[in-house]
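Notes for the structure review
So you can see what is in the structure, the chains are spelled out below.
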Amino acid sequence: MTHILVIAEHAGGKLNPATAKCVTCASQISDATVDVAVFAAQADALAAEAAQIAGVNRVLKIEDAANAEPLAALLAPQVVSLAQKYSHVFGPSTTFGKDLMPRVAALLGVGQLSDIMAVEASHRFRRPIYAGNAIITVEAPADRKVVATVRTASFQAAGGAGSAPIEAVDVTAELPSHTRFISRSAAATGRPDLQTAARVVSGGRALGSAENFKVIYSLADKLGAPVGASRAAVDAGYAANDLQVGQTGKIISPELYIAVGISGAIQHLTGIKDARTIVAINKDAEAPIFEVADIGLVGDLFAILPELEKALG
Amino acid sequence: MSKILVGLKRVVDYNVRVRVKPDGSGVVTEGVKMSINPFDEIALEEALRIKEKGGASEVIVASIGPAETQQQLRTGLAMGADRAILVQSEQALEPLSAARVFLKLIEKESPQIVLLGKQGIDDDNNQTGQMLAALWNRPQATFASKIELDGTLARVTREVDAGLETIEVDLPAVLTTDLRLNEPRYVKLPEIMKAKKKPLETLALGDLGVDVAAQFKTLNYAPPPSRQKGIMVKDVPELLATLKQKGLVQ
Ligand SMILES: Cc1cc2nc3c(=O)[nH]c(=O)nc-3n(C[C@H](O)[C@H](O)[C@H](O)COP(=O)(O)OP(=O)(O)OC[C@H]3O[C@@H](n4cnc5c(N)ncnc54)[C@H](O)[C@@H]3O)c2cc1C
């Protein structure tokens, strides 16, 4: 039997959809039981939400004032104390999971697998390297725990029909005081989440200024889509850092991705490979983005976008 | 005064489009341009700035890699690092092994800050800094886009999915860098000449007495699934018609 522990990610009293995607990944291992651990200051509502994820066997609730903020240095020893009973410990390949899981693995004395994109067997997985230019099949040792992050764009969120039992758990772990949360400045956009949205409109360096970048927002509003950006646009201050799409930004998988004035550097493309349909608008017919685009339109974005917006009604 | 230890990994240059070998045994690295991992270059730049502002007395660059890694370390010295350590290894190490090696270097050098790139752009693992912090039993502040030192602590702004988060860690600590922390300086020719005289110490991996056995087996390398060739449309009406036909807009 394979016993898998999934570490829930949450913010503002809500589970991150990445959690249900990790459950999907874990459930693809045959004969696996999947438990979800919720670390929080107040975990009741979150645990109830996790209990509804289809395929979850049990929800562990670890309530502690120290868990109010997701600090890896504090969470890792707690995860380790729970991990003893499990063969696998999974977290999402988000900044939360990437921060936490390697610390957990090292405390357990095992390596970690990053960005699982496919499950082949209980100890055999596929993952991308070199910004997605190669996919490797990796075998983890059968006699050790598997600690991994799950590439959330590769898995659909498990449904919400479950009713798993919830258990409050006390963990025995010494929590360090050397790491303290100060603040978080989330750009509250009020827009759909980039990582779960069905449509995304992204702008690149070509926009030229934060002011001009508004045409991207304007088209996105028409489509009910969140906005993404290339690194160049973020570096130049046209868009906030959490909008960056790519190898070092967000990996997304919308139905429709519209790239406007983005050249299509490999680091950007790795973030959009899972998009169903990619539309590229670029004035340079030779831009590499057209090699991956399903629909390409060569022209000046400043002429095309207003026309497109108008045509959308 | 305090030291900063910076990790520099030798990786395929970020401009190279990496290809998988036809027999699936690896990726083509022969004759390919190698560089300092971009995130590590940012880590070194940050260390140099800290030193220039009086926040450290010495910047040490360290790498684990084959003899040719001296090139990247020399570049690091030319950027301004004071000395370099090469842990020579023909075998590529997994992050946990790399972290164990760095822990040895920490024991040897007692740095106040260890600055690493958040990920190597070869394996894209994003693990070594976190693992090192765990083994060292010290704080980690990953994905840093701003670092402020204040006596015995560091306030670090981190790039997280939701935006920016600021945490405070007691030193010594491991910090890993994100792209927007700084823009690394260009190396000037006289610096390259000067760097040739700076100390570069070579240690044999085998002499360090760390367990570097690989845990994972890579069974196969494959190219990513290719996307179907798309179509070009001539204008907005045709674009819209195509999107409607695919049911992507009403
Ligand atoms: C380690 C590392 C990690 C990276 N991670 C990421 C990442 O996560 N995400 C990311 O995006 N990048 C990343 N990059 C950067 C990446 O290499 C590119 O530099 C970046 O994606 C370029 O952004 P861009 O396409 O907006 O700009 P450019 O490459 O400058 O492209 C601008 C495009 O706009 C077009 N254009 C100009 N004017 C107009 C107009 N009026 N109308 C229409 N088109 C126009 C041009 O033809 C051009 O193709 C990373 C780089 C490194 C080294």
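For the structure, see preceding data.
For clarity, every value in this text was computed on a predicted model and none was experimentally measured.

Once that is clear, we can look at the sheet that holds strand E13 (residues 231-233) of chain B. The strand order E15(A)-E14(A)-E16(A)-E17(A)-E18(A)-E13(B) describes an open sheet built from six strands, whose pairing is parallel. Each edge of the open sheet is held by one strand with a lone partner, namely strand E15 (227-229) of chain A together with E13 of chain B. Neighbour-to-neighbour, the strand axes of this sheet turn through a mean angle of 20°, independent of strand direction.

Counting residues at the interface gives 83 residues for chain A and 76 residues for chain B. In total, chain A and chain B occlude about 6800 Å² of area from one another, counting both sides; carbon and sulfur atoms represent 54% of this. Linking chain A with chain B are six salt bridges, by the criterion used here. The salt bridge partner of B:Asp170 is A:Arg180, with a shortest N-O separation of 2.8 Å. At the junction of chain A and chain B, the tally comes to 44 residue pairs in polar contact (both at pLDDT 80 or more). Broken down by class, the residue content of the side of chain A that touches chain B amounts to 40 nonpolar, 22 polar and 21 charged. In the sheet, strand E18 (residues 295-298) of chain A pairs with E13(B) via three bridges, with the strands oriented parallel. Across the sheet, residue A:Leu297 finds its bridge partner in E13(B), namely B:Val233.

Next up on the list: helix H9 (residues 301-311) of chain A. Among all positions in H9(A), only A:Leu301, A:Ile304, A:Leu305 and A:Leu308 are buried. End-on, the buried residues of H9(A) take up no more than an arc of 95°, which puts them together on one face. Looking at the buried residues of H9(A), the elements they touch are helix H5 (214-223), strand E16 (256-260), strand E17 (277-282) and E18 of chain A together with helix H6 (236-245) of chain B. Of the residues flanking the start of H9(A), the one acting as N-cap is A:Asp300, its side-chain oxygen 3.0 Å from the backbone nitrogen of A:Phe302.

Each value, and the rule that gives it
Residues numbered from 1 in each chain as written. Chains lettered and ligands numbered in written order. Predicted model: local features only at pLDDT ≥ 70, side-chain atom pairs only at ≥ 80, totals over all residues. Heavy atoms only, no water. Pairing = 2+ DSSP bridges. Helix = DSSP H or I, 4+ residues; strand = E, 2+ residues; numbered from the N terminus. Axes fitted to C-alpha atoms, helices over the stretch in contact; angles between N-to-C directions. Contact = heavy atoms within 4.5 Å. Buried area = accessible area lost by both parts, 1.4 Å probe. Salt bridge = Lys/Arg side-chain N within 4 Å of Asp/Glu carboxyl O. Polar contact = N/O pair within 3.5 Å; in protein donor to acceptor, adjacent residues only side chain to side chain. Nonpolar A, V, L, I, M, F, W, Y, C, P; charged D, E, K, R; others polar. Buried < 20%, exposed > 50% of the residue type's maximum accessible area, 1.4 Å probe, protein only. Arc of directions from axis to C-beta.

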